[in-house]
Amino acid sequence: MKIGEYNTLRINRMVDFGAYLIDDDTHEVLMPKRYLTPEMKVGDMVKVFVYNDSENRPVATTEVPHAVVGDFALMRVKAVNKVGAFLDWGLTAKDLLVPFSEQRVDMQAGRSYIVRVYLDEASQRIVASAKLAKFLNHSEPDYYHREKVEVLVVQRSDLGYRVIINNAHWGQIYQNEIYQDVNIGDRLTAFVKQVRPDGKVDVTLAKIEKMRVDDLAVRIEQYLRDHGGEMALTDKSNPEAINKAFGCSKKDFKKAIGLLYKQQKVTLGDTTKLT
């Protein structure tokens, strides 16, 4: 039975105040009566989230928390007291504590913060931390170009947005490559553009096709620079000639040429010329 995670457990016995669920190692956990449905009976398998109550006893619920142990998520502070800040975890009977020692800045009630949920080994309690960096993988990223990844938007900067990639590494999305609404706390699908020599990872929200066209536009521009600023190929050239020169489809070639034209980098006519 994993505390702070989802578990699929068997209903072992019913009691007046709920049901006791059991795992393969015969460990029991109480699921309070309010989570039972009329259809549930002894022997049924139930997917539940297991957490510790205020007395550090394991409890099972069918409610869905905003994050489980190991997740980063945006959560709102419900209250602050002498112990720390308490977040709206999405559970009726339990808020999530961020101790003062795990706050980067003093958290305020009503505001939302990105935190990491973890199981404190000393107390065996589930808590959260706003000190995100210590939970990230600091080894060299091994993502490949155009790899599909999941990102959590963490912070806005002058360059764009800082994100966490696959719950493991810092990444950056640049403002001039954002073509949709982006907000702190959003979970988005992105694609790796490059892993820099310093280990920083640039990602984009652009679809694979746009990345392909962007890359091709860079290649065409470089080709023109290497060949006196002019080439015979245009958006009206035959597909075979285009494929032979750039190894791409005519459709992608036309889009790349069109992109360069919009950027005022080329002029189009009987030939393609750098401006």
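Preceding this paragraph is the structure being described.
Residues numbered from 1 in each chain as written. Predicted model: local features only at pLDDT ≥ 70, side-chain atom pairs only at ≥ 80, totals over all residues. Heavy atoms only, no water.

(A) Main features of the packing of aromatic side chains. By the definition in use, this model includes eight aromatic pairs. Taking 6.3 Å as the distance between ring centres and 85° as the angle between the ring planes, the aromatic pair formed by Phe17 and Tyr20 counts as edge-to-face. What makes Phe17 partly exposed here is its relative accessible area of 47%. Ring centres 6.4 Å apart and planes at 20° place the aromatic pair Phe49 and Tyr51 in the stacked group. Look at Phe49 and you get buried, because its relative accessible area is 1%. Every member of this aromatic cluster is reached through a ring pair, and the members are Tyr6, Phe49, Tyr51 and Trp89. Against the face of Tyr6 rests Lys47, its NZ or CZ located 5.0 Å from the ring centre. (Phe/Tyr/Trp six-rings, centres within 6.5 Å; stacked < 30°, edge-to-face > 60°. Buried < 20%, exposed > 50% of the residue type's maximum accessible area, 1.4 Å probe, protein only. Lys NZ or Arg CZ within 6 Å of the ring centre and 35° of its normal.)

(B) Broad picture of the pairing of strand 5 (residues 58–61). As judged from the four bridges shared by strand 4 (residues 45–52) and strand 5, these two strands associate in the antiparallel manner. Bridging across to strand 5, Phe49 finds its partner in Thr61. Taking the residues that link successive antiparallel strands as the turn, the strand 4-strand 5 hairpin has five residues, and the phi of Asn56 there is positive, at about 65°. (Pairing = 2+ DSSP bridges. Helix = DSSP H or I, 4+ residues; strand = E, 2+ residues; numbered from the N terminus.)

(C) Structural detail: the sheet that holds strand 18 (residues 272–274). Here three strands make up an open sheet; going across it, the order is 16-18-17 and the pairing antiparallel. What marks the edges here is a single partner per strand, and that holds for strand 16 (230–231) and strand 17 (266–268). Pairing geometry for strand 16 and strand 18, over two bridges, is antiparallel. What sits directly across from Met231, in strand 18, is Thr272. Most of the contacts of helix 3 (residues 250–262) go to strand 17, to which it runs at about 115°, and overall it touches strand 16, strand 17 and strand 18. (Contact = heavy atoms within 4.5 Å. Axes fitted to C-alpha atoms, helices over the stretch in contact; angles between N-to-C directions.)

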